[in-house]
Amino acid sequence: MTNMAMDYRSEKLIYRFSGNSVQEITIHGNVTSKNGNLQGVTVSVEGTSRSTTTDSDGNYTISVPKDVFLVFSSMGYSRQRIAVNNLRTINVIMVEEINALDEVVVKGYTSQKRASLTSSIATVSGEDLQKGPTSNISNALVGRVTGVLATTQSGRPGTGAWIQIRGRSSVNEPGPLILVDGVVRDDFGNIDANEIASISILKDASATAVYGARAVGGVILVTTKRGQVGKPTITYTGSQGVEEPTKYPNMMNAYQYGSIRNQAQLNGGFDPSNPSHVSRFFTQEQLENFKTNSTDWFKETFKENSMLAQHNISVNGGSEAVRYFASLGYVNQTGMWDQYNFNRYNFRTNVDARISNTLNVGISVDARRANTDAAGLDAYPIFMHAIQAAPIYSVHNASGAFNYINGQANPVAETSQTGYDRNRNETFGATLNFDQQLPFITRGLSVKGTASFIRNSVFQKVFNTPYFLYKDNGEASLMTVNNLNKTQLSQNITDGSQVTLNASLNYGRELGKHNVSAIVLYEQLESKGFLMGGLKRDFVSTIKDELNASGPLEQQLSGVSTLGDARRSVVGIFNYGYHDRYLLEASARYDGSYRFNAANRWGLFPAVSAGWRLSEESFFKNTEALDFIDNLKLRASWGKTGNDKISSFQFLDSYTYMQGKYPGIWPDFFPPVIENESQINLVSGVFPNYNLTWEKLITTNIGLDATLLNNNLTLEADYFFRTTSDMLRPRILSVPATFGRKLPDENYAEMKSRGIEAALSYRGNVSSLLYTVRVNASYATNKLTKLDVPEGVADYQNSLGRPLDAMVGYLAMGLFQSADEVDNWITQFGAKPTVGDIKYADVSGDGEVTEADQLQISDNAGVPQVIYGLTASFRWKNFDADLFFQGAAKRSIMLGEEAMVFFRAEVNNSFAYLSDYWTPENTDAKYPRPTIDYSNNNSRGSTFWMRDGSYLRLKTVNIGYSFNNIEWMKAHNTKLRVFASGTNLLTWTPFDEFDPELGDGTGRSYPQQRNITLGINLSF
């Protein structure tokens, strides 16, 4: 190549090569996507007309100078630019083009391109939900998007996260409204992740107002997968994982227990030389024995590992006339002891048919069965008893029977000897929808309709069997289960159904520069069911666990019909866009609910939002300095939603048939007894409130959306302010208890909340390494501004002006270090403290520390006020890796029970960290001097026992390899990916005592689980 000059241009630089200085090299390579080899990809030398295309196997050859850039481009894929740098082989994996502006977002009763959205809506793809192994997909939602303040508060098999959208919105927190394919459901966590196409989280009122009286807690829309035109594609995904607790509580061993308990007895004023006190102390011989004989009750009670298996097979395909998707899934998760297991079967099929050029019909059917088999005693008391059991006792006595441990429960026995609790939950749903275009009236006009039926049945059978513990001499002691000293069998059946009907008239059309759409919809919903149960205790044996095996005594039968919900609604939505530049949306829902009387039954919930795409303005496009900004949109919204989640029929006088002791009354009250038989009485219910109506939430939202640097950098930000008025609360604080009736809810309380959300993502490549990084953070807080507060109430008892999750306690000033310090200090709780006790501030200044010295010590004792996440995805050749970090901040946890009390109930074990207690030789101790059971001074909620519950966790990791280049797989259009994944792998937190995400200050919760999984994904 001689006597020739060429410019090689990138976006920012110009390279010039001329004359004989240019030396060419020949480059070979292969171009693929996640679906295999790519034919027809253009491979060009940047800044020139020299190019070639890949062949049917994705291969290419091109001669180029050494110091240039190759550009790989193909319709539907992101352009890639790679420096040659004297390479001879360059293989490239193309990534499908994802233009955020063209993304279709599912919203209330419709969908819309993100570019024209004026509401605050976050989305999660079904693919993201599959990256971490979990039996409940709500756990996978935590930290992935802005606005979702949630934590996974239990590691129990099959359980999910506790979710709030933008934090607390009411004292009657309803949680988010869940809809699956447009139909209200109670839960979405038990849907198979392989069935889900996307999840939309509707956050501001302009997005949620179309759901009216149920939308105060936000809305979650789940959209399942539907068939695509093409040959049938069968996909199998299977994985097998091993789980273990992220953190076990560390308890005192036998020697620590014995020696520290002796010290606690001394601190209590007991003398081991006093014959009447000697039984309170362990002898030196016993302490020496404890050094080598100690029981780790956690190790003895719980398995080191449990298992999680997940399998799914699906088929997707169809023609222009009929498209179909079907999925069958199975999950099995074992617990931390043998008698604990959760399994679930999922089935779904979605079929869409084009009946004519103007009529489309779809039908969806889903079914699910979830089974939980557990011990007769709940997990919480089992963990509690594993904490409390003294380590000086063994699990079994000398004869091998379960050992008697000084009146305490034996947690190992409780996992297998307390009977069982079996729960079967079955759900069936069917939805029929149609879309009839009406072009003979006008183009863009259509009528749509949906009919849905859902049935849910729950069967629970609980067989509680008290068990025996044995002393070495053979003496038996009966241990109660759930406070029962005899065998009990209860069986309950709950059956409910829901029918949803809606019909809408829809119009959407582009008229030159004007884009107009509108919807008018009618919807009605009714859910009802029944509950029936039986209970018997007159069993002579535990051999047969059936109701007919019990005698006629001590039996109960119950049955009631229920009306779960009934409402009718009219919805209107109007959208207008001018030149893709000025955007406007208005909506309203007129809701009627059975929970209120006729005069207050209907409520109107309007909303309006607007957007301005500055990047579409001519002055913006003509400003060269702004060329790096591809899209910039400002948006604002205002709207009103409601909440009617209260007890039904409070506007009516109600009565209940009652026999036996009246519930909730002190002192005990019994109806008359005639001829030795308790008579059936009518008991009045809540005092009626005829003026009861909706809670109202007014939300203002301001947001910004931007994409920069050739759509590689994306920014989203929102600020919101909310006022919840007419909150429903009974006036139990200001109305005296002598009123004589249960008080109804009234519309009088008020709270305000606000917050900010932001997300930033960037995608790019370094040679053939493709990467995407996304960070997001959400902050929300609230304050009660109107509440039922009686006159003269102490400040610490007054919640007005404080957050809903405010924590009240004492201000600790450290530990008393000397007798002089104690002598020079005031009394605390009516007595002089002792050296080594906690010292509290006299907040009131009255010369003594009393209950009046409590104050707000934290405003975030519940769900964290800050949730954040970081997602990083990498693709290199056939390898892929996804990492997800999730964290929380501004959250306080108060230690309680054994976590702050030495030797509770006199004999319970204590946590090992309390071994660093104050003595004259250990004045830098972290904890106060030990006492037996509760200390009047030290065992109080205060800043001393309050902990920072923030954390950062490597939530999920997924690493895979795709086999794309095997000839027989190419020939049969087969794809195979093997992967390894994990959850809760690493945690960074200042909260050392327990797992911080649980939010539990006692250590009694079922631990979070760390999971390592291997799996495959095969499609053909």
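Since we're looking at a predicted model, the values are computed, not measured. (Residues numbered from 1 in each chain as written. Predicted model: local features only at pLDDT ≥ 70, side-chain atom pairs only at ≥ 80, totals over all residues. Heavy atoms only, no water.)

J.: Sorry, what's going on with the overall build of the protein here?
T.: The number of helices and strands found in the protein is 11 helices and 53 strands. Relative to a compact globule of 1020 residues, whose C-alpha radius of gyration would be 31 Å, the protein shows 33 Å and is just as compact. With the principal axes as the frame, the protein shows a C-alpha extent of 110 × 70 × 65 Å. Scored against the burial criterion, the 1020 residues of the protein give a buried share of 50%. Taking the intrachain contacts of the protein between residues at least 6 apart in sequence as the baseline, contacts between residues at least 24 apart amount to 69%. Accessible surface for the protein amounts to roughly 45900 Å². Of this, 54% is attributable to carbon and sulfur atoms. Each charge class in the protein can be summarised by its mean position, and for the 93 positive and 101 negative side chains these summaries are 7 Å apart. (Helix = DSSP H or I, 4+ residues; strand = E, 2+ residues; numbered from the N terminus. Rg over C-alpha atoms; globule rule 2.2 N^0.38 Å. Buried < 20%, exposed > 50% of the residue type's maximum accessible area, 1.4 Å probe, protein only. Contact = heavy atoms within 4.5 Å. Areas by Shrake-Rupley, 256 points an atom, 1.4 Å probe, with all protein chains shown as cover. Lys, Arg positive; Asp, Glu negative; His and termini not counted. Charge placed at Lys NZ, Arg CZ, Asp CG, Glu CD.)

J.: Is there a simple way to explain the side chain of T208 in this structure?
T.: In this fold, T208 is placed in helix α3 (residues 205–208). For T208, the residues in contact, after removing those within four places along its chain, are L202, K203, A215, G218, V219 and T641.

J.: Would you explain the nonpolar core in this entry?
T.: One broad trend across soluble globular proteins is that nonpolar side chains are buried collectively. Core analysis: the biggest nonpolar cluster contains 67 residues, and F302, W337, F383, L895, F903, Y913 and W945 have the highest contact counts within it. Setting aside residues up to four positions removed in sequence, F903 forms contacts with M252, Y257, I260, R261, A264, N908, S910, T931, I932 and D933. Counting residues in hydrophobic clusters, the runner-up holds 23 residues, among them V142, A161, I165 and I178. (Core = buried A, V, L, I, M, F, W, Y, C linked by side-chain atoms within 4.5 Å.)

J.: Could you clarify how one ought to interpret the UniProt feature "domain: TonB-dependent receptor plug" (unreviewed entry) in the protein in this entry?
T.: UniProt's entry tags residues 116–219 with the feature "domain: TonB-dependent receptor plug" (unreviewed entry), counted in the numbering of this structure. Span residues 116–219 is 12% helix and 27% strand, its end C-alpha atoms 20 Å apart. (UniProt positions renumbered as here; feature names shortened; annotations may be inferred.)

J.: What is the right way to look at the sheet that holds strand β6 (residues 51–53) in this model?
T.: Backbone hydrogen bonds hold the strands of a sheet together, and the pairing may be parallel or antiparallel. Taken together, 4 strands build an open sheet; the order of strands is β6-β5-β8-β9 and the sheet is antiparallel. Unpaired on one side and paired on the other, β6 and β9 (80–83) mark the two borders of the sheet. Averaged over neighbouring strand pairs, the angle between their axes works out to 20° when direction is ignored. Bridge analysis of strand β5 (residues 42–45) against β6 gives 3 bridges, and the strand direction is antiparallel. (Pairing = 2+ DSSP bridges. Axes fitted to C-alpha atoms, helices over the stretch in contact; angles between N-to-C directions.)

J.: I keep staring at the environment of V808 and nothing clicks. Help me out?
T.: Here V808 is to be found in strand β43 (residues 807–809). Between the alpha carbons of V808 and V180 there is a distance of 40 Å; along the sequence they are 628 residues apart. Ignoring anything within four residues of it in the chain, the contact list for V808 reads Y796, R802, Q854, L855, Q856 and I857.

J.: So what exactly am I meant to see when it comes to the sheet that holds strand β18 (residues 196–202) here?
T.: Reading across from one edge, β13-β18-β19-β16-β17 is the order of the 5 strands in this open sheet, with mixed pairing throughout. A single partner strand is all that each edge strand has here, and the edge strands are β13 (121–125) and β17 (183–185). Neighbour to neighbour, the strand axes of the sheet diverge by 25° on average, direction disregarded.

J.: How should helix α4 (residues 254–267) be read in this particular structure?
T.: Think of an α-helix as turning once every 3.6 residues; residues three or four places apart then point the same way. Under the 1.5 Å per step criterion, the end-to-end length of α4 is 20 Å for 14 residues, consistent within 8% with the ideal 20 Å. Residues A254, Y257, G258, I260, R261, N262, A264 and Q265 constitute the buried set of α4. Measuring from the backbone nitrogen of Y255 back to the side-chain oxygen at the start of α4 gives 3.2 Å, which picks out N253 as the cap. Immediately downstream of α4, the backbone of G269 shows phi near 95°, a positive value. (Expected span 1.5 Å × (residues − 1). Polar contact = N/O pair within 3.5 Å; in protein donor to acceptor, adjacent residues only side chain to side chain.)

J.: Sorry if this is basic, but what is going on with the pairing of β18 here?
T.: Taken across its 7 residues, β18 has 6 buried, putting it largely inside the fold. Across 5 bridges, the pairing between β13 and β18 is antiparallel. Its bridge partner lying in β18, V124 is registered against I199. Looking at chain direction, β18 and strand β19 (residues 219–224) are connected through 6 bridges and run antiparallel. Bridge pairing in β19 links I201 to I220.

J.: Help me understand a nonpolar patch on the surface in this model?
T.: A surface patch of nonpolar side chains, amounting to about 430 Å² of accessible area, comprises I234, I313, L328, F347 and F1020. For I313, the location among the structural elements is in strand β21 (residues 306–318). (Patch = residues over 30% accessible without salt bridge, like charges linked within 9 Å, V, L, I, M, F, W, Y side chains within 5 Å. Salt bridge = Lys/Arg side-chain N within 4 Å of Asp/Glu carboxyl O.)

J.: What should I look at first to understand helix α7 (residues 379–388) in this one?
T.: With 9 of 10 residues buried, α7 is to be regarded as a mostly interior element. For α7, the full list of buried residues reads A379, P381, I382, F383, M384, H385, A386, I387 and Q388. For α7, the N-terminal cap is D378; the gap from its side-chain oxygen to the backbone nitrogen of Y380 is 3.1 Å.

J.: Mind showing me how you'd approach the pairing of strand β20 (residues 230–245) here?
T.: The pairing of β20 with β21 spans 12 bridges and is antiparallel. By the bridge assignment, S239 is partnered in β21 with Q310. Here β20 pairs with strand β53 (residues 1009–1019) via 11 bridges, running antiparallel. Note that in β53 the partner of P245 across the bridge is Q1009.

J.: Sorry if this is basic, but what is going on with the pattern of salt bridges here?
T.: As a working rule, side chains carrying opposite charge can pair if their charged atoms are close by. Summed over the entire model, instances satisfying the criterion amount to 49 salt bridges. Measuring nitrogen to oxygen at the nearest pair gives 2.7 Å for the salt bridge that ties R166 to E757. Here R166 is found in the loop between β15 (162–165) and β16 (177–180), whereas its partner E757 is found in strand β41 (residues 746–766), with 591 residues between them in sequence. Each member of the pair, R166 as well as E757, is classed as buried. The salt bridge involving R589 is made with E523; its shortest N-O contact spans 3.2 Å. Residue R589 is found in strand β32 (residues 582–593), and its partner E523 is found in strand β30 (residues 514–536); the two are separated by 66 residues along the sequence. Here the salt bridges do not stand alone but share partners, grouping D181, R185, E195, R348 and D366 into one network.

J.: What is the right way to read unusual backbone geometry from this model?
T.: With the exception of glycine, most residues fall at negative phi, and the peptide bonds are largely trans. Positioned with a positive phi, Y109 is a non-glycine residue whose angle comes to about 65°. The phi angle at D580 is positive, at roughly 55°, despite the residue not being glycine. For D580, the location among the structural elements is in the loop between β31 (555–578) and β32. Look at D580 and you get partly exposed, because its relative accessible area is 48%.

J.: Just to check I follow, could you spell out the packing of aromatic side chains for this structure?
T.: For any two aromatic rings, the description comes down to two numbers: the centre-to-centre distance and the angle of the planes. As enumerated under the stated definition, the model contains 39 aromatic pairs in all. Their ring planes at 80° and their centres at 5.3 Å tell us that F282 and F290 sit as a pair that is edge-to-face. The exposure class of F282 is buried, given its relative accessible area of 15%. On the basis of relative accessible area, F290 is assigned to the buried category, the value being 8%. Taken together, the ring pairs connect Y248, F298, F302, W337, Y340, F383 and Y1006 into an aromatic cluster. The cationic tip of K471 hangs over the ring face of Y404; the distance from NZ or CZ to the ring centre is 4.9 Å. Over the aromatic face of Y951 sits the side chain of R953, whose NZ or CZ is 5.8 Å from the ring centroid. (Phe/Tyr/Trp six-rings, centres within 6.5 Å; stacked < 30°, edge-to-face > 60°. Lys NZ or Arg CZ within 6 Å of the ring centre and 35° of its normal.)

J.: Is there a simple way to explain the confidence of the model for the protein in this structure?
T.: Scored by pLDDT, the protein has a mean of 88; 94% of the residues are at 70 or more. Scored below 50 in pLDDT, residues 1–21 shows 49 contacts in the model against residues more than four places distant or in partner chains. (pLDDT = per-residue confidence, 0-100.)

J.: I tried to follow the environment of S569 on my own but got confused; where do I start?
T.: As for its position among the elements, S569 is in strand β31. Assessed through its relative accessible area of 1%, S569 is described here as buried. For the pair formed by S569 and A599, sequence separation is 30 residues and the distance between their alpha carbons is 16 Å. Those residues in contact with S569 that lie beyond four places of it in its chain are L521, Y522, E523, R589, Y590 and D591. At 2.9 Å, the side chain of S569 forms a polar contact with the side chain of R589. A polar atom in the side chain of S569 sits 2.3 Å from the side chain of D591.

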